Amino acid sequence: MRSTSQTTKASLQDGTKARDAKSQKNPMSRKNPKDSKNVEGHQLISIPEVATLEIKTDSLAFSLAGAALAVSYVLEGIALPQALSRVFVQSQVSPQAKGAIQDIAYRTMRQVGRVDALITLMTSKPPEPPVLYGLLCCALTLLITTENEAAPYDDFVVVDQAVNAAASSSHMIFAKGMVNAVLRRFLREKQELLPMVMKQAAARWNYPQWWVDQCKAAYPESWQQILSAADTQPPMTLRINISKISTESYLEQLQRQGILATQIGPCAIRLHQPVPVQFVPGFSEGLVSVQDAAAQLAAELLDLKDGQQVLDACAAPGGKTGHILELAKVDLLALEIDPKRLDKIHENLSRLGLFASIKEGDASWSNWWDGRQFDRILADVPCTASGVVRRHPDIRWLRRKTDAAQLAVTSSRILDNLWRMLKPGGKLLLVTCSIWPIESENQAKSFMERHSAIRLDAPGQLLPTSELNNEHDGLFYALFQKPEI
């Protein structure tokens, strides 16, 4: 699901880097621009010109150093998946180390508000360079556990390995004593320190203050559940390709292999324990795809019939594209503005053994359109992705309060442009992965009024939930029919 269009991505990233930390306290705004050049070329293990400690690639110290570097890139406004990719490219990282680095980085993004408040309390000034701040964030994250959560590592191991991670880097070796002192102080005084910082909304909920305030205003009865649900580990949900295998048959196949799963939708099953995608039975053969349960509603809501002309606007990475083709034999055009993401659509369809016309183009313009109108249009428009924070915890720290309004304007242009490409009697499905009304319900109402569109039954706003067997992201659906001439 897309969080921004190519036309707005650059401006959002620039705005993220330039935001005023005084007007909105945000842990991810602590970057010193002068230090980004130092971090950019950083290597995770021995650097010849500085006497640093060499660490093994299978050690926690190596994983902490890698995760700290990824966090420092997020400080620069880079999304976490891209930040991790950069770390992996820079270093010789084994699959096991990749998994550990990724796990620590994602854990940290879910705890940034809390650990930032602790760092502020325990240090006289913001730790510099950013990679050092990132290391403290990662280490403190591993030392903080809830009542029902087992510690991933022993406390003394985390402290020892964090000091080793600092000693392994030419950019942090000067501060290894400080790292040791801060972490040991936290362990000694955590019963006093944690209650102190938890009085701050950003630390209590691990969101920027403006996000908490906005959620309260939009959902006064359920804002706490929304924020809490988005801070849990997301489930691994699969979509069964019913054109190849029935849901019942696939569940039996999983049972034979000792993989526990529960059906939570017509084609949706939740694995009780996530597994690497390469170990999901039938994945490479196209029997299943990984897709959130809420996202699986899109293709079903389109009311597809064989032979229809269908447009999937803003199609990358192609999850909904594939689902449409699994449900009906339609003539499908998948449109995507980002040329780098076109390959992902091709890869997904190739794995599923399906075909669509794939074209690079901006859904807010018509220079790609041949003039033939569509029976169905899926408009998965750009948004803040505030409803998928559970899967992308860095989003909350990269977004600004004004982003939703800016993206709503872009999405409005897209919807107006696509409407004229829809046949009379045809249906357009508006989808966002946002929980902010300005991007969802308000957008739908405004669109309906502008075009005298007929609004049909659809789920509307789905809020993120972590309820067992009802776990899904926060998506919005509005279905419209174009009046007959």
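Quantities reported herein were computed from a predicted structural model and do not represent experimental measurements. (Residues numbered from 1 in each chain as written. Predicted model: local features only at pLDDT ≥ 70, side-chain atom pairs only at ≥ 80, totals over all residues. Heavy atoms only, no water.)

> So what's going on with the packing of helix α18 (residues 403–419) against helix α19 (residues 441–451)? Residues and values would help.
Running from amino to carboxyl end, α18 crosses α19 at an angle of 35°, the nearest separation of the two axes being 11 Å. The chirality of how α18 crosses α19 is right-handed. Contact residues: Ala408, Ser411, Ser412, Leu415, Asp416 and Trp419 in α18; Gln443, Phe447, Arg450 and His451 in α19. The class makeup of the residues in the contact of α18 with α19 is 4 nonpolar, 4 polar and 2 charged. (Axes fitted to C-alpha atoms, helices over the stretch in contact; angles between N-to-C directions. Helix = DSSP H or I, 4+ residues; strand = E, 2+ residues; numbered from the N terminus. Left-handed = near helix turned anticlockwise from the far one by under 90°. Contact = heavy atoms within 4.5 Å. Nonpolar A, V, L, I, M, F, W, Y, C, P; charged D, E, K, R; others polar.)

> Account for the sheet that holds strand β7 (residues 357–360), naming residues and giving values.
In spatial order, the strands read β7-β6-β5-β8-β9-β11-β10; together these 7 strands make up an open sheet with mixed pairing. Bordering the open sheet on either side are β7 and β10 (454–461), each of which pairs with just one other strand. Taking each pair of neighbouring strands and ignoring which way they run, the sheet shows an average axis angle of 15°. Sheet topology note: the strand β9 (residues 422–432)/strand β11 (residues 476–481) ladder contains 6 bridges and is antiparallel. Looking across to β11, one finds that threonine 432 is bridged to phenylalanine 476. Set on the sheet, α18 makes contact with β5 (309–313), β8 (374–380), β9 and β11; between it and β9 the angle comes to about 160°. Where α19 meets the sheet, it contacts β9, β10 and β11, and its direction lies at approximately 10° from that of β11. (Pairing = 2+ DSSP bridges.)

> Break down the pairing of β7 for me, with residues and values.
With 4 bridges joining them, strand β6 (residues 331–336) and β7 adopt parallel strand pairing. Across the sheet, the residue bridging to glutamate 336 is glutamate 360, located in β7. In this view, the connection linking β6 to its parallel neighbour β7 by way of helix α16 (residues 339–352) has right-handed handedness. (Right-handed = clockwise from strand over helix to strand, strands pointing away.)

> Hey, could you go over the environment of serine 440 for me, with residue numbers and the actual values?
As for its position among the elements, serine 440 is in the loop between β9 and α19. On the accessibility criterion, serine 440 (1% relative accessible area) is buried. Taking the C-alpha atoms as reference, serine 440 lies 7.9 Å from tyrosine 477; in sequence the two are 37 residues apart. Every residue in contact with serine 440, bar those within four places of it in the chain, is listed here: Thr432, Gln461 and Phe476. (Buried < 20%, exposed > 50% of the residue type's maximum accessible area, 1.4 Å probe, protein only.)

> Let's hear about the sheet that holds strand β3 (residues 268–271): which residues, and what values?
With respect to topology, 4 strands assemble into an open sheet ordered β2-β3-β1-β4, the strand pairing being antiparallel. The outermost strands of the open sheet, each flanked by one partner alone, are β2 (261–263) and β4 (288–290). Sheet twist, expressed as the average angle between the axes of neighbouring strands with direction ignored, equals 30°. Pairing analysis gives 3 bridges linking strand β1 (residues 236–240) to β4, with the strands arranged antiparallel.

> Which residues make up the nonpolar core, and what values go with them?
Ranked by internal contacts, the top residues of the largest apolar core, which has 62 residues, are Leu64, Val179 and Leu183. Taken together, the elements giving at least two residues each to this core come down to α3 (60–75), α4 (80–90), α5 (95–109), α6 (112–122), α7 (130–143), α8 (155–167), α9 (176–197) and α17 (395–398). Dropping the residues within four chain positions of it, valine 179 is found in contact with Leu132, Leu135, Leu136, Ala162, Val163 and Ala166. Trp205, Ile345, Leu349 and Leu479 belong to the second-largest nonpolar core, a separate cluster that totals 46 residues. (Core = buried A, V, L, I, M, F, W, Y, C linked by side-chain atoms within 4.5 Å.)

> So what about the pattern of salt bridges? Which residues, and what values?
Per the stated rule, a full pass over the model turns up 20 salt bridges. Residue arginine 400 pairs with aspartate 403 through a salt bridge whose shortest N-O separation is 2.9 Å. Take arginine 400 and aspartate 403: they sit in the same class, and that class is buried. By sharing partners, the salt bridges in this structure join Asp292, Arg390, Arg391 and Asp473 into a single network. (Salt bridge = Lys/Arg side-chain N within 4 Å of Asp/Glu carboxyl O.)

> Before we move on, could you go through the layout of surface pockets and cite the residues and values that matter?
Quantified by volume, the second largest pocket comes out at close to 230 Å³. Among the elements of the structure, β5, β6 and β7 are those that each provide at least two residues to the lining of the second largest pocket. In terms of residues, the lining of the second largest pocket owes the most to one element, β6, which gives 3 residues. Here the lining of the second largest pocket is composed, by residue class, of 6 nonpolar, 3 polar and 4 charged. (1 Å grid on protein atoms, 1.4 Å probe; cavity = no way out; pocket = protein on both sides within 12 Å on 5 of 7 lines; lining within 4 Å. Points joined across faces, edges and corners; volume = space filled by probe spheres on them.)

> Go over unusual backbone geometry, please, and point to the residues and values.
The omega torsion of the bond from glutamate 128 to proline 129 falls at 0°, within 30 degrees of zero and hence cis. In this model, alanine 316 is joined to proline 317 through a cis peptide bond whose omega is 5°. Of note, proline 317 is situated in the loop between β5 and α15 (319–327). A positive phi angle, close to 60°, is found at asparagine 206, a residue other than glycine.

> Can you break down the confidence of the model for the chain residue by residue, with the values?
Considering every residue of the chain, the mean pLDDT works out to 88; 89% of them sit at 70 or more. Below a pLDDT of 50 lies the segment residues 31–51, which in the model reaches 45 contacts outside its immediate sequence neighbourhood of four places, other chains included. (pLDDT = per-residue confidence, 0-100.)

> How would you sum up empty space enclosed by the protein? Please name residues and give values.
Enumeration according to the criterion identifies 2 cavities of 30 Å³ or more in this entry. Taken as a whole, the second largest cavity holds about 30 Å³ of empty space. In terms of lining, the second largest cavity is formed by Tyr207, Trp211, Ile226, Leu227, Ala230, Ser386, Val389, Ile435 and Pro464. The residue makeup of the lining of the second largest cavity, split by class, is 8 nonpolar, 1 polar and no charged.

> Which residues make up the packing of aromatic side chains, and what are the values?
One pass over the full model with this rule turns up 6 aromatic pairs. Arranged with centres 5.6 Å apart and planes meeting at 35°, the rings of tyrosine 207 and tryptophan 211 form a pair that is tilted. The exposure class assigned to tryptophan 211 is buried, which follows from its relative accessible area of 2%. Between tryptophan 211 and tryptophan 436, the aromatic rings sit 5.3 Å apart at their centres with planes inclined by 65°, giving edge-to-face as the arrangement. Here tryptophan 211, found in helix α11 (residues 209–218), pairs with tryptophan 436, found in the loop between β9 and α19; they are 225 residues apart in sequence, far enough to count as distant. By the burial criterion, tryptophan 211 is buried, and tryptophan 436 matches it. Grouped by ring-pair contacts, the aromatic residues Tyr207, Trp210, Trp211 and Trp436 constitute a single cluster. Residue placement shows arginine 86 over the ring face of tyrosine 73; its charged tip is 4.7 Å from the ring centre. Of note, arginine 351 hangs over the ring of phenylalanine 283, and the distance from its end group to the ring centre comes to 3.9 Å. (Phe/Tyr/Trp six-rings, centres within 6.5 Å; stacked < 30°, edge-to-face > 60°. Lys NZ or Arg CZ within 6 Å of the ring centre and 35° of its normal.)

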